[in-house]
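Observations on chain architecture
So the chains spell out like this:
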Amino acid sequence: MHNSILRDNLKIIEDNIDTTCKEHDILPEMVTLIAVSKTQPVAFINEVYNAGIRDFGENKVQELIDKFPQMPDDIRWHLIGHLQTNKVKYIIDKVFLIHSVDSIKLAQEISKEATKRNISVSILIQVNVSHEETKYGISELLAIDLIKEVSTFPGIHIRGLMTIAPYTENPEENRLYFRKLKQLSVDIISKSIDNVSMDCLSMGMSGDYKVAIEEGSTYVRVGTSIFGERIYVTA
Ligand SMILES: *Cc1c(COP(=O)(O)O)cnc(C)c1O
């Protein structure tokens with residue numbers, strides 16, 4: 001029963017993404033849907049995997065490392081939540097992309113652990129373009145300096161930017177934030193910083209992914225619209 005609901009939800013989102021791309025002359029392969037599986041059991045994740053999704057997003061280190069060995073190894077795991085420096089070592093060799101780097105200290109730790117393992121880790125810089133106080137992310141005024149510095153760290157490749165827009169009933173209200181993030185990426189490209197590419201823009205969630213795609217998103221992070229409302233179990 002539930003399984004077919006997940007498939008139906010997924011189909012709707014994939015169709016919406018396709019339609020949005022077609023209407024705005026965007027190549028559909030430019031946009032990747034990340035299924036945000038936080039709080040969801042492995043059985044549900046498997047169902048979405050079997051429907052063809054390979055990109056999954058988790059926001060907690062512990063949850064990611066619990067699920068990781070239980071799932072097929074061709075999954076690309078995205079860490080989309082705040083990352084504490086002391087937890088970098090647990091996920092560094094498991095994640096495809098870390099979306100939430102917003103400090104020199106965190107980047108230093110990622111660089112240190114990556115160098116130890118002789119790997120290169122792809123990261124996005126999380127930018128707080130809406131200036132919501134509760135959100136992590138660096139302000140756009142400081143982003144370029146942070147990127148210049150982090151770009152020199154070994155074992156790290158900056159691939160783009162990420163933002164979390166405010167929760168809103170009206171996705172149009174977030175259009176300016178998505179536009180700001182895109183503009184910032186264009187500004188950064190114009191600086192031609194070595195070892196920095198800006199091919200990834202992670203923006204848009206269940207409520208506003210269509211608007212985000214119109215404004216240049218390459219990664220939409222969708223949880224509720226695929227899996228339904230999250231049930232948080234308090235420990
Ligand atoms: C939970 C979460 C999402 C998904 O949000 P939905 O509204 O459920 O689609 C996206 N991005 C981040 C960073 C999240 O923590």
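Before reading further, recall that the structure is shown in the block above.
Only a predicted model underlies this, so the values are computations on that prediction, with no experimental measurement involved. (Residues numbered from 1 in each chain as written. Predicted model: local features only at pLDDT ≥ 70, side-chain atom pairs only at ≥ 80, totals over all residues. Heavy atoms only, no water.)

**Structural notes on the packing of helix H6 (residues 140–150) against helix H7 (residues 175–190)**
Each pair of packed helices can be described by the angle between their axes along with the distance between the axes. Packing of H6 against H7 leaves a shortest axis separation of 11 Å and a crossing angle of 35°. Here H6 runs over H7; the crossing is right-handed. Facing H6, whose interface residues are Glu140, Ala143, Ile144 and Ile147, H7 presents Lys180, Leu184 and Ile188. For the contact of H6 with H7, the class distribution of residues is 5 nonpolar, no polar and 2 charged. (Axes fitted to C-alpha atoms, helices over the stretch in contact; angles between N-to-C directions. Helix = DSSP H or I, 4+ residues; strand = E, 2+ residues; numbered from the N terminus. Left-handed = near helix turned anticlockwise from the far one by under 90°. Contact = heavy atoms within 4.5 Å. Nonpolar A, V, L, I, M, F, W, Y, C, P; charged D, E, K, R; others polar.)

**Side note on the packing of aromatic side chains**
If you walk through the whole model with that rule in mind, you get 1 aromatic pair. Relative to Trp77, the ring of Phe56 has its centre 6.1 Å away and its plane inclined at 45°; by these criteria the two rings are tilted. Placement of the pair is Phe56 in strand S2 (residues 55–58) and Trp77 in strand S3 (residues 76–79), with a sequence separation of 21 residues. Classification of Phe56 by relative accessible area gives buried; the value is 0%. (Phe/Tyr/Trp six-rings, centres within 6.5 Å; stacked < 30°, edge-to-face > 60°. Buried < 20%, exposed > 50% of the residue type's maximum accessible area, 1.4 Å probe, protein only.)

**Here's the deal with H6**
Within the sequence span of H6, burial applies to Ala143, Ile144, Leu146, Ile147 and Val150. Where H6 is buried, its residues meet helix H5 (104–117), strand S5 (121–126), strand S6 (156–162), H7 and strand S7 (196–202).

**Focus on the pattern of salt bridges**
What the rule picks out here adds up to 16 salt bridges. The salt bridge partner of Lys67 is Glu63, with a shortest N-O separation of 2.7 Å. Of this pair, Lys67 and Glu63 are both found in helix H3 (residues 61–67), 4 residues apart, which corresponds to roughly one turn of the helix. Each member of the pair Lys67 and Glu63 is classed as buried. In this structure, the salt-bridge partner of Glu113 is Lys116, at a minimum N-O distance of 3.2 Å. Here Glu113 and its partner Lys116 are both found in helix H5, 3 residues apart, which amounts to about one turn of the helix. A residue is classified by how much of its surface remains accessible, and Glu113, at 4% relative accessible area, is buried. Look at the salt bridges and you will find they share partners, linking Glu172, Arg175, Arg179, Glu214 and Glu215 into a network. (Salt bridge = Lys/Arg side-chain N within 4 Å of Asp/Glu carboxyl O.)

**Let's talk about the site of the ligand**
The environment of the ligand is formed by Val36, Lys38, Ile80, Ile164, Met205, Ser206, Arg221, Val222, Gly223, Thr224 and Arg230. Within the contact set of the ligand, an oxygen atom lies 2.5 Å away from a side-chain nitrogen or oxygen of Ser206. For the ligand, the accessible surface in isolation is 390 Å², of which the surrounding protein chains cover 89%. Grouping the constituent residues of the shell around the ligand by class yields 5 nonpolar, 3 polar and 3 charged. (Near = heavy atom within 4 Å. Polar contact = N/O pair within 3.5 Å; in protein donor to acceptor, adjacent residues only side chain to side chain. Areas by Shrake-Rupley, 256 points an atom, 1.4 Å probe, with all protein chains shown as cover.)

**A word on the pairing of S2**
Here S2 shows a buried face lined by Asp55 and Gly57 and a second buried face lined by Phe56 and Glu58. Of the pairings in the sheet, the one linking strand S1 (residues 32–36) to S2 comprises 2 bridges and is parallel in character. Residue pairing for S2: Ala35 is matched across the bridge by Phe56. Remark: the S1/helix H2 (residues 42–50)/S2 crossover connection has right-handed handedness. Where S2 and S3 come together, 4 bridges link them in parallel fashion. Paired with Phe56 across the two strands is Trp77, which belongs to S3. (Pairing = 2+ DSSP bridges. Right-handed = clockwise from strand over helix to strand, strands pointing away.)

**A word on the pairing of strand S8 (residues 219–222)**
Walk down a regular strand and you will see the side chains alternate between the two sheet faces. Burial along S8 is two-sided: Tyr219 and Arg221 facing one way and Val220 and Val222 facing the other are all buried. Alignment of S1 against S8, held across 4 bridges, turns out to be parallel. Of the residues in S8, the one forming a bridge with Thr32 is Tyr219.

**Quick look at the side chain of Asp55**
Looking at where Asp55 falls in the secondary structure, it is placed in strand S2. Among the polar contacts made by the side chain of Asp55, one reaches the side chain of Arg76 at a distance of 2.8 Å. Polar contacts involving the side chain of Asp55 include one to the side chain of His78, which spans 2.8 Å. The contacts of Asp55, once residues within four sequence positions are left out, are Thr32, Leu33, Ile34, Ala35, Arg76 and His78.

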